[in-house]
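# What the coordinates show
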Amino acid sequence: MLRVGVLVSGGGTNLQAILDAIDNGKITNAQVEVVISNNAGAYALERAKNHGIPAVCLSPKTFESRDRFNEALLDTIDGYGLDLIVLAGFLVTIPPAMIQKYRNRIINIHPSLIPSFCGVGYYGLKVHEAALARGVKITGATVHFVDEGMDSGPIILQKAVEVQPEDTPKVLQQRVMEQAEWIILPQAIHMIANGEI
Ligand code: GAR
């Protein structure tokens, strides 16, 4: 059984998609052992508690330095004996020591077709604002392994989504979630849990 930890910062709809996929058998051989948020107000923590999963808040603001926060994050993750760490809308930079220790065991979901609209400054709604501003007709989502760069690790899965003429950033964000993110993130976890990648 793959021991999965999910790191979140916000609403946690991708976390929910993972939990649902485990419940309905679309993900096999995996279970979520812990959900960790940097933000005490993240609704994702409620979703974890509702599912009987330990919900841990580690806010950088409550630590004397970023190094102390990084140590606490790594200690917490080590403590759960995780095989896979899933960044599901986690808006904190992953410390290099953690990337080194968990190489090829950290995956991230990004709401565009990498290499478009990714890297520094591209997160959440900003990604969709940029896609609309550029006038692309196709966007989508990407699941990739996390390396030392920003959104630069090896790509696992991508799924394309059409942009519609009347789209606002929020409308597009919702469509990308429904038609891509909530599908490919559980799919990638299933593949890893079953030795397919
Ligand atoms: C998702 O759209 C995810 O792709 C994005 O944050 C959102 C979190 O939503 N992540 C990034 O932009 C990372 N660069 P959720 O909390 O409802 O899953």
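First, a word on scope: everything that follows refers to the structure included in this document. Since the model is a prediction, treat every value here as computed from it, not as a measurement.

## Looking at the layout of surface pockets
One number sums up the size of the largest pocket: a volume of about 840 Å³. Together, 39 residues line the largest pocket, and Gly-89, Phe-90, Leu-91, Asn-108 and Tyr-123 are the ones closest to its centre. Going through the elements one at a time, α1 (13–23), α4 (96–101), β5 (106–110), β6 (138–145) and α6 (169–193) are the ones with two or more residues in the lining of the largest pocket. In terms of residue class, the lining of the largest pocket is built from 17 nonpolar, 18 polar and four charged. There is about 180 Å³ of room inside the second largest pocket. Residue assignment for the lining of the second largest pocket shows that the elements contributing at least two residues are α1 and α6. Here the lining of the second largest pocket takes five residues from α6, the largest share from any one element.

## Section: the packing of aromatic side chains
All told, the structure shown has two aromatic pairs when counted by the stated rule. A centroid spacing of 5.8 Å and a plane angle of 70 degrees characterise the contact between Phe-63 and Phe-69, whose relative ring orientation is edge-to-face. The exposure class of Phe-63 is partly exposed, given its relative accessible area of 25%.

## Some remarks on the site of the ligand
In the vicinity of the ligand there are 14 residues, among which Gly-12, Thr-13, Asn-14, Gly-124 and Glu-181 approach most closely. Contact between the ligand and Gly-12: an oxygen atom at 2.7 Å from a main-chain N or O atom of the residue. In this structure, Asn-14 approaches the ligand through a side-chain N or O atom, which is 2.9 Å from an oxygen atom. If the ligand stood free it would expose 450 Å²; the protein chains cover 90% of that surface. Applying the majority rule of atoms within 2 Å of the grid points places the ligand in the largest pocket. Looking at the shell around the ligand, the elements with two or more residues in it are α1, β5 and α6. Looking at side-chain class alone, the shell around the ligand contains five nonpolar, eight polar and one charged residues.

What counts and how
- Residues numbered from 1 in each chain as written.
- Predicted model: local features only at pLDDT ≥ 70, side-chain atom pairs only at ≥ 80, totals over all residues.
- Heavy atoms only, no water.
- 1 Å grid on protein atoms, 1.4 Å probe; cavity = no way out; pocket = protein on both sides within 12 Å on 5 of 7 lines; lining within 4 Å.
- Points joined across faces, edges and corners; volume = space filled by probe spheres on them.
- Helix = DSSP H or I, 4+ residues; strand = E, 2+ residues; numbered from the N terminus.
- Nonpolar A, V, L, I, M, F, W, Y, C, P; charged D, E, K, R; others polar.
- Phe/Tyr/Trp six-rings, centres within 6.5 Å; stacked < 30°, edge-to-face > 60°.
- Buried < 20%, exposed > 50% of the residue type's maximum accessible area, 1.4 Å probe, protein only.
- Near = heavy atom within 4 Å.
- Polar contact = N/O pair within 3.5 Å; in protein donor to acceptor, adjacent residues only side chain to side chain.
- Areas by Shrake-Rupley, 256 points an atom, 1.4 Å probe, with all protein chains shown as cover.
- Sits in = over half its atoms within 2 Å of the grid points.

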